[in-house]
Amino acid sequence: MAKFIGRRLLYLLPVLLAVTLLTFLIASLLPGDLAITLLGDQATPEKVEALRAQMGLDLPIWQRYLLWLWDVLHGDLGRSFRTGETVLAAVADRLPVSLELMVMAEVTALLIAIPLAILCAVKSGSATDRFLTGLAFGKLSLPPFMVAILLIYLFAVSLNLLPATGWIPFAEDPIANLRSFVLPALTLAIAEWPVLMRVLRSDMIATLQEDYIAMAKAKGLRPARILLVHALKPSSLTLVTVTGINIGRLIGGALIVEVIFALPGIGRLLVGAIYARDFIILQGAVLFVAVGFVMVNFVVDMLYAVLDPRIRHGRA
Amino acid sequence: MTQPLLSVRNLSTRFRTDRGLVRAVDDVSFDVAPGETLAIVGESGSGKSVTALSILRLIPDPPGKIESGEILFEGKDLLKLDDAGIRAIRGDRIAMIFQEPMSSLNPALTVGLQVGEPINLHRKTVWSKALDKAAELLGKVRIPDGKSRLNSYPHQYSGGMRQRVMIAMALACQPKLIIADEPTTALDVTVQAQILALLKELTREANSAMILITHDLGVVARYADRVAVMYGGRIVETAPARPLYKSPRHPYTRGLMASVPRLDGDTGRPLVPIEGQPPDLASLPAGCAFALRCKDATERCHRERPPLVESARHHFSACWYHERLAA
Ligand SMILES: Nc1ncnc2c1ncn2[C@@H]1O[C@H](COP(=O)(O)OP(=O)(O)O)[C@@H](O)[C@H]1O
Ligand code: SF4
Ligand SMILES: [Mg+2]
């Protein structure tokens, strides 16, 4: 097991190097300049040059990258020239919001997908199944921002049930905090559930044909126990994989949805940093997202072992 | 005969398929006395498994359906029970052992959970006690170290060991009847005898009756009290094991016996397979289903179906010429 984890961590390094280097390159292609942002466009060229030199922006890009990397390897992610906030503090401040959003989104997606998948599998081929499966395919074509607009229109504008934007810290008012996540989480979940439902449905249909399900019936078990204990667990391997892979997509989606719903998460931090050309914050935040992404895939691999004992015992 | 434990009366089970209506079990009747072992034999596709599954109402519907008949168990018609009623019978009063030990245990659940489950369910035993009982059962089927095996998974067991687990699971609630559907067909020949001997020993010990389904008449001679021979979805001959084995009164049974090695001497006898194919259950002939393969068939056989009649005491045969065969 230790070897497995070690190998995984080694594999993390090249990914992180590639991602941060790419961000550096892309960011340097953006027009505009942090010095101008900070000094205002009335500043004299001399003053701008001086500030650029102070921030190290006059160095060639590869040098800047190596310097940044050197600092990161020494545990220093840097601080924003603009706000003086350290990257660590900025990320730590925003991360809980993004995590809460993603967890709520994934949980919502699973809460929609699992019961529907079971329903479809049990009644496979029925009108209900055909309708839901059709829905699951159709849904894929609606992009999240469209869904967001529809949800805002329906629940915030027309029905006035939920806030469209804004965020209240959990510690201040837990209910209001959760309410502010409902629409953004639902937006993401609506994009996520169809694929989860489809993989679980088809695995579940296959599982229900297995001899051990007939055996479970022959033991006198109730349908609910057969479905939830005997069928769901062996059917959820692909679901876990797809959930894992989708968390990657979810991270991307969450960044966008945060901006639409004005949630102060990593997404807003990134977008703010891009607008301000605040590269230190941008790099730091991207590094965190990338680490998060790789860690998710790592956890998914571990979950496999839990779900399928054959993998755990190296007999897959 | 004492009051039967199980009495199957005129059971007919059909499947609606693309090829038409398959009469998998057609007007089948038999009894099982308490503690008795009844063997059901016949070639593959003769309706043995469907008969077994019908008893516990495990026929997948659609495409299958029990069309008619009665299945009286301890005096109650199982076909008239509601869902909760039949669930209370399954795994408790009547237990099932399937043919494929490799695929009949859930790969994702521990052996302990699977063996303890019927006890927890039917005896309302708390899980910790049910697991103790499961460990004890594993000991009974000679899986050493039962306690520490509870947390293992089926893939860690060989085929023979898995079938032992299935037997432990079947015995969990001391059922009155165990239905074993070809319990050893999927196993190594060397393991087959061990498993059958174990099964027989434990059912006798628990005083359970057993329906032992097999296509191997050799097995029957050794373990069964009575035998029902199935052909084309019907019972064509049924008798106590010894007379059936000594003097079969149906050409199909004779053919079966000639095609398997016999346990009692006569080892030099050449094996003669029955020629031709088993009948298509979707389009059975009007007369005797065996007529196309039967050496003794006459014009009458093709025209009229022979009924199952008592040819000798407790010895029934569905052949027009059963008396001639007795001679
Ligand atoms: N689920 C099913 N769907 C359609 N036909 C079936 C099904 N199960 C069994 N049958 C048919 O019933 C007949 C008897 O099968 P079975 O009882 O399994 O035979 P066996 O004697 O080998 O156990 C076969 O012809 C088979 O095609
Ligand atoms: S009835 Fe006729 S065809 Fe059928 S088994 Fe007897 S002799 Fe053969
Ligand atoms: Mg069978």
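Residues numbered from 1 in each chain as written. Chains lettered and ligands numbered in written order. Predicted model: local features only at pLDDT ≥ 70, side-chain atom pairs only at ≥ 80, totals over all residues. Heavy atoms only, no water.

Trainee: Before we go on, may I ask you to explain the packing of aromatic side chains in this structure?
Mentor: The relation between two aromatic rings is expressed through the spacing of the ring centres and the mutual angle of the planes. Residue and element names in this part refer to chain B. In this structure the tally under the stated criterion is six aromatic pairs over all chains. When the ring of Tyr231 is compared with that of Phe290, the centres are 5.1 Å apart and the planes differ by 80°; the resulting orientation is edge-to-face. Within this pair, whereas Tyr231 is found in strand β9 (residues 226-231), its partner Phe290 is found in the loop between α11 (251-259) and α12 (299-303), the two being separated by 59 residues in sequence. The class for Tyr231 is buried, based on a relative accessible area of 3%. (Phe/Tyr/Trp six-rings, centres within 6.5 Å; stacked < 30°, edge-to-face > 60°. Helix = DSSP H or I, 4+ residues; strand = E, 2+ residues; numbered from the N terminus. Buried < 20%, exposed > 50% of the residue type's maximum accessible area, 1.4 Å probe, protein only.)

Trainee: Help me out: how do you make sense of the environment of A:Val147 in this one?
Mentor: Looking at the element boundaries, A:Val147 is found in helix α7 (residues 144-158). Look past the residues within four positions of A:Val147 in its chain and what remains in contact with it is A:Leu142, A:Thr187 and A:Ile190. (Contact = heavy atoms within 4.5 Å.)

Trainee: Explain the site of ligand 2 here, please?
Mentor: Close to ligand 2 lie 13 residues; B:Cys288, B:Cys294, B:Cys301, B:Cys319 and B:Trp320 are nearest. Of the residues that constitute the shell around ligand 2, the class distribution is 11 nonpolar, one polar and one charged. (Near = heavy atom within 4 Å. Nonpolar A, V, L, I, M, F, W, Y, C, P; charged D, E, K, R; others polar.)

Trainee: Help me understand unusual backbone geometry, please; the structure alone is not making it clear to me.
Mentor: Most peptide bonds adopt trans geometry, and most residues besides glycine take a negative phi value. Residues and elements named next belong to chain B. Here the bond from Asp61 into Pro62 is cis, since omega is -10°, no more than 30 degrees from zero. As for its placement among the helices and strands, Pro62 is situated in the loop between α1 (48-55) and β4 (64-73). Look at the link from Pro62 to Pro63: it is a cis peptide, with omega at 5°. Looking at the secondary structure, you find Pro63 in the loop between α1 and β4. Phi angles above zero are rare outside glycine, and Asn10 is one such case at about 50°. Turning to its location among the elements, Asn10 is positioned in strand β1 (residues 6-17).

Trainee: Is there a simple way to think about the side chain of B:Glu36 in this case?
Mentor: All names here are of chain B. Topologically, Glu36 is positioned in the loop between β2 (20-32) and β3 (37-41). Residue classification places Glu36 among the buried residues on the basis of a relative accessible area of 10%. In contact with Glu36, other than residues within four places in its own chain, are Asp31, Ala209, Met210, Asp225 and Arg226.

Trainee: Got a minute to help me understand the interface of chain B and chain A in this structure?
Mentor: When the parts of a complex come together, some accessible area is lost, and that lost area is often taken as the interface size. Between chain B and chain A, the contact holds 27 residues from the first and 22 residues from the second. Both sides of the chain B and chain A interface together cover about 2200 Å² of buried area, and 60% of this is carbon and sulfur. Ranking the residues of chain B by area buried against chain A places B:Arg87, B:Glu117 and B:His155 at the top, with a combined share of 26%. Applying the counting rule to chain B against chain A returns two salt bridges. With a closest N to O distance of 2.6 Å, A:Arg225 and B:Glu117 form a salt bridge. Seen at the junction of chain B and chain A, the total is 10 residue pairs in polar contact (both at pLDDT 80 or more). At the level of secondary structure, the elements contributing two or more residues to the side of chain B that touches chain A comprise α3 (101-104), α4 (111-122) and α7 (159-171) of chain B. Sort the elements by how many residues they give to the side of chain B that touches chain A and α4(B) lands first, with six residues. In terms of residue class, the side of chain B that touches chain A is built from 15 nonpolar, eight polar and four charged. (Buried area = accessible area lost by both parts, 1.4 Å probe. Salt bridge = Lys/Arg side-chain N within 4 Å of Asp/Glu carboxyl O. Polar contact = N/O pair within 3.5 Å; in protein donor to acceptor, adjacent residues only side chain to side chain.)

Trainee: Is there a simple way to explain the side chain of B:Lys200 in this structure?
Mentor: Relative to the elements of secondary structure, B:Lys200 occurs in helix α8 (residues 189-206). If we ignore the near neighbours within four places in the chain, the residues touching B:Lys200 are B:Thr37, B:Tyr223 and B:Asp225.

Trainee: What am I meant to see in the nonpolar core here?
Mentor: A general feature of soluble globular proteins is that nonpolar side chains tend to end up buried together. Residues and elements named next belong to chain B. Of all hydrophobic cores here, the largest spans 77 residues; its most connected members are Leu6, Phe30, Ile55, Ile94, Ile167, Leu177 and Ile211. Element by element, the count of residues in this core is highest for α7, at eight residues. If you look at the next biggest cluster of nonpolar residues, it comprises 26 residues, including Leu244, Leu256, Met257 and Phe290. (Core = buried A, V, L, I, M, F, W, Y, C linked by side-chain atoms within 4.5 Å.)

Trainee: Explain the site of ligand 1 here, please?
Mentor: Residues and elements named next belong to chain B. Close to ligand 1 lie 14 residues; Gly45, Gly47, Lys48, Ser49 and Val50 are nearest. The backbone of Gly47 places a nitrogen or oxygen atom 3.1 Å from an oxygen atom of ligand 1. Measuring from an oxygen atom of ligand 1, one finds a side-chain N or O atom of Ser49 at 2.7 Å. When contributions to the shell around ligand 1 are tallied by element, the ones reaching two or more residues are β1 and α1. Considering each element in turn, the shell around ligand 1 owes the most residues, three residues, to α1.

Trainee: Would you explain α1(B) in this entry?
Mentor: Because each turn of an α-helix spans 3.6 residues, side chains separated by three or four positions end up pointing in the same direction. Residues and elements named next belong to chain B. In terms of burial, α1 is largely enclosed, as seven of its eight residues are buried. When we look at burial in α1, the residues that qualify are Lys48, Val50, Thr51, Ala52, Leu53, Ser54 and Ile55. The first or second residue beyond α1 is Arg57, which carries a positive phi of 55°.

Trainee: Explanation requested: the packing of α4(B) against helix α5 (residues 127-140) of chain B in the structure shown.
Mentor: Relative placement of two packed helices is described by the angle separating their axes and the distance separating the axes. Residue and element names in this part refer to chain B. Across the interface, α4 lies against α5 with an axial gap of 8 Å and an inter-helix angle of 115°. Judged by the inter-axis angle, α4 sits roughly perpendicular to α5. With respect to the hand of their crossing, α4 and α5 are arranged in right-handed fashion. Contacts between α4 and α5 involve Val111, Gly112, Leu113, Val115, Gly116, Glu117, Ile119 and Asn120 from the first element and Trp127, Ala130, Leu131, Lys133, Ala134, Leu137 and Leu138 from the second. (Axes fitted to C-alpha atoms, helices over the stretch in contact; angles between N-to-C directions. Parallel < 35°, antiparallel > 145°, perpendicular 65-115°, else oblique. Left-handed = near helix turned anticlockwise from the far one by under 90°.)

Trainee: Sorry if this is basic, but what is going on with the sheet that holds strand β8 (residues 209-214) of chain B here?
Mentor: Note on sheets: strands pair through backbone hydrogen bonds, and any given pair is parallel or antiparallel. Residue and element names in this part refer to chain B. Strand order across the open sheet formed by eight strands is β6-β7-β8-β3-β9-β10-β12-β11, with mixed pairing between neighbours. Edge positions in the sheet fall to β6 (94-97) and β11 (309-312), since each of these pairs with one other strand and no more. The sheet shows a mean angle of 20° between the axes of neighbouring strands, taken without regard to direction. The sheet contact formed by β9 and strand β10 (residues 234-240) spans six bridges and is antiparallel. Residue pairing for β10: Tyr231 is matched across the bridge by Arg234. Of the strands in this sheet, β3, β6, β7 (177-181), β8 and β9 are in contact with α1, which crosses β8 at around 150°. Where α8 meets the sheet, it contacts β3, β6, β7 and β8, and its direction lies at approximately 160° from that of β8. (Pairing = 2+ DSSP bridges.)

Trainee: What is the right way to read the sheet that holds strand β5 (residues 76-77) of chain B from this model?
Mentor: Residue and element names in this part refer to chain B. The four strands lie next to each other as β2-β1-β4-β5, forming an open sheet whose pairing is antiparallel. Two strands close off the open sheet at either side, each with one partner strand: β2 and β5. Here β4 runs beside β5; their pairing, made up of two bridges, is antiparallel. From the neighbouring strand, Phe73 faces β5, where its bridge partner is Lys76. Against the sheet, α1 makes contact with β1, β2 and β4, and its axis sits at roughly 115° relative to β1, the strand it touches most.

Trainee: Before we go on, may I ask you to explain the pattern of salt bridges in this structure?
Mentor: Charged atoms that come close allow side chains of opposite charge to pair. Residue and element names in this part refer to chain B. A full pass over the atoms with the stated rule returns 23 salt bridges over all chains. Note that Arg226 and Glu36 form a salt bridge whose closest N and O atoms lie 2.6 Å from each other. With Arg226 in strand β9 and Glu36 in the loop between β2 and β3, the pair connects residues that are 190 residues apart, well separated along the chain. For the pair Arg226 and Glu36, one class covers both residues: buried. For the salt bridge of Glu201 with Arg142, the shortest nitrogen-to-oxygen distance reads 2.8 Å. Here Arg142 lies in the loop between α5 and α6 (146-149) and Glu201 lies in helix α8, a separation of 59 residues in the sequence. Exposure remark for Glu201: the relative accessible area of 34% places this residue in the partly exposed category. For Arg142, a relative accessible area of 47% puts it in the partly exposed group.

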